[in-house]
Amino acid sequence: MAVRAVRGATQLEEDTREHMLDRVAELVTDVMEANHLAVDDFISIIFTATSDLTSEFPAYAARQLGFSDVPLVCARELEIDGSMPRVVRLMAHVETDLARSEITHAYLHGAANLRRDLARTTSHD
């Protein structure tokens, strides 16, 4: 087993609690499915959110998926002029047999435009 980092992001259409929980749960689930991971494979997850998202902590969605013993932290994304609004990003540290080149990063909805350079990126429109 090796320790790997998995990245992902999703864009919300609106800042509501239900929408935040749905989109973040979708993102975490997509990362898990794409990389054949279980909750026990996760070492930690760092979530960031843009400053226009204030309805809920992104980590709460992961807690609802069973991440009760996994260290989770939320932080504010840098405010850069022209950056994409309403985005939640994650960086998960996991134990896996996958090589770094086999990791699938998940960029969903509008956030798929953030990493068009990744050939193995999943995206949901």
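Right above here is the structure, for reference.
Quick summary incoming for the structure in this document. (Residues numbered from 1 in each chain as written. Predicted model: local features only at pLDDT ≥ 70, side-chain atom pairs only at ≥ 80, totals over all residues. Heavy atoms only, no water.)

### Some details on the sheet that holds strand β4 (residues 87-96)
The strand order β3-β2-β4-β1-β5 describes an open sheet built from five strands, whose pairing is mixed. Edge positions in the sheet fall to β3 (72-76) and β5 (106-108), since each has one partner strand and no second. Averaged over all neighbouring strand pairs, the angle between strand axes comes to 15°, with direction disregarded. For strand β2 (residues 42-49) and β4, the ladder comprises seven bridges, and the chain directions are antiparallel. Within the sheet, the bridge partner assigned to I45 lies in β4 and is A92. (Pairing = 2+ DSSP bridges. Helix = DSSP H or I, 4+ residues; strand = E, 2+ residues; numbered from the N terminus. Axes fitted to C-alpha atoms, helices over the stretch in contact; angles between N-to-C directions.)

### Quick word on the packing of aromatic side chains
Using the criterion set out here, one finds one aromatic pair in the structure. On the numbers, 5.0 Å between centres and 80° between planes, the contact of F42 with F67 is edge-to-face. With a gap of 25 residues between them, F42 in strand β2 and F67 in the loop between α2 (58-64) and β3 connect regions that are remote in the sequence. (Phe/Tyr/Trp six-rings, centres within 6.5 Å; stacked < 30°, edge-to-face > 60°.)

### Quick word on the side chain of H19
Tracing the backbone through its elements, the reader meets H19 in helix α1 (residues 17-34). Overall, H19 belongs to the buried group, its relative accessible area being 13%. Those residues in contact with H19, other than ones at most four positions away along the chain, are L12, E13 and E14. (Buried < 20%, exposed > 50% of the residue type's maximum accessible area, 1.4 Å probe, protein only. Contact = heavy atoms within 4.5 Å.)

### So, unusual backbone geometry
Look at H36: it is not a glycine, yet its phi comes out positive at around 55°. Judged by its relative accessible area of 68%, H36 falls in the exposed class. Non-glycine residue R86 carries a positive phi angle of around 55°. When you line up the elements, R86 lands in the loop between β3 and β4.

### So, the pairing of β4
Counting buried positions along β4 gives seven out of 10 residues, so the element sits mostly inside the fold. Alignment of strand β1 (residues 2-11) against β4, held across 10 bridges, turns out to be antiparallel. By the bridge assignment, A9 is partnered in β4 with R89.

### Some words on the environment of L53
Topologically, L53 is positioned in the loop between β2 and α2. Its relative accessible area of 3% is what places L53 among the buried residues. When near neighbours in sequence (up to four residues on either side) are disregarded, L53 contacts L12, D15, M20, R76, R86, V87 and V88.

### Looking at the environment of E95
Note that E95 resides in strand β4. For E95 and A5, which are 90 residues apart along the polypeptide, the C-alpha to C-alpha distance reads 8.9 Å. Beyond its immediate stretch of four places on either side in the chain, E95 contacts M1, A2, V3, L37, D41 and I43.

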